[in-house]
Amino acid sequence: MKSLVEAAKALAEGFATTFNHLFRRPVTEEYPEVHRVLPARTRARIVLTLDPDGEERCVACYLCSAVCPVSCISMQSAEKEDGRRYASWFRINFARCIYCGLCEEACPTSAIQLTPYFETCERDILRLVYEKEDLLVQHQGKDKEYNFYKVAGVVTRLAGKGEHAREEKPVNVKTNLP
Ligand code: SF4
Ligand code: SF4
């Protein structure tokens with residue numbers, strides 16, 4: 001008799017839960033008709049950004065490529081007339097990328113950034129290999145102000161740190177010490 005009462009109670013609780021849910025607003029989103037706005041920090045499609053002067057941020061230092069756990073970034077460094085380095089080509093194989101964000105963390109110039117855009121599916125896997133022209137965007141991404149040459153700079157065959165065009169003397173970290 002006791003087990004019968006317990007079974008009836010459990011059944012009633014189950015029906016009560018179902019009944020309560022009948023009056024709740026549905027939370028299902030009808031993707032792809034409805035696009036949820038994802039947070040800016042979402043890790044999806046990768047881009048290469050420009051600095052506030054409109055110059056390519058990437059200095060082809062290979063740090064992103066070295067840190068990438070699946071080795072999907074490759075590039076070739078070259079030197080401009082002003083002595084600064086850039087990537088003559090830059091390639092990401094999105095078929096291998098696991099969107100871990102380590103490349104963005106490692107980048108000293110804030111060039112490589114992950115964005116919330118995730119609709120990059122392709123039937124042909126080779127179309128997931130993106131070249132520099134596919135990756136470059138005409139804005140600064142999440143980091144609007146940062147300009148590597150204004151806080152660090154580089155030594156080139158033409159000049160020392162802070163002595164090139166649109167460059168400032170690097171920050172002396174010792175002046176920040178207490
Ligand atoms: S997000 Fe991770 S896996 Fe993708 S390119 Fe960057 S480091 Fe490599
Ligand atoms: S870490 Fe940044 S600056 Fe260095 S090669 Fe990668 S994208 Fe370019």
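Remember, predicted model here, so these are calculated numbers, not experimental data. (Residues numbered from 1 in each chain as written. Chains lettered and ligands numbered in written order. Predicted model: local features only at pLDDT ≥ 70, side-chain atom pairs only at ≥ 80, totals over all residues.)

### Some points on the site of ligand 1
- The immediate surroundings of ligand 1 are formed by 14 residues, with Cys68, Cys97, Cys100, Leu102 and Cys103 found nearest.
- Its residues assigned to classes, the shell around ligand 1 shows 13 nonpolar, one polar and no charged. (Near = placed C-beta within 6 Å. Nonpolar A, V, L, I, M, F, W, Y, C, P; charged D, E, K, R; others polar.)

### What to know about the site of ligand 2
- All residues in the neighbourhood of ligand 2 are listed as Cys58, Val59, Ala60, Cys61, Tyr62, Leu63, Cys64, Ala106, Cys107, Thr109, Ala111 and Ile112.
- For the shell around ligand 2, a count of residues per class yields 11 nonpolar, one polar and no charged.

### Observations concerning the nonpolar core
- By size, the foremost hydrophobic cluster in this structure holds 19 residues, and its most contacted members are Cys58, Cys64, Cys103 and Ile112.
- At the level of secondary structure, the elements contributing two or more residues to this core comprise β1 (46–48), β3 (85–93), β4 (112–114) and α5 (148–151).
- Among the elements that take part in this core, β3 stands out by supplying three residues, more than any other.
- Leaving out residues up to four positions away in the same chain, Cys64 has contacts with Ile73, Cys103, Ala106, Cys107 and Ile112. (Core = buried A, V, L, I, M, F, W, Y, C linked by C-beta atoms within 7 Å. Buried ≥ 20, exposed ≤ 12 C-beta atoms within 10 Å, placed from the backbone. Helix = DSSP H or I, 4+ residues; strand = E, 2+ residues; numbered from the N terminus. Contact = placed C-beta atoms within 7 Å.)

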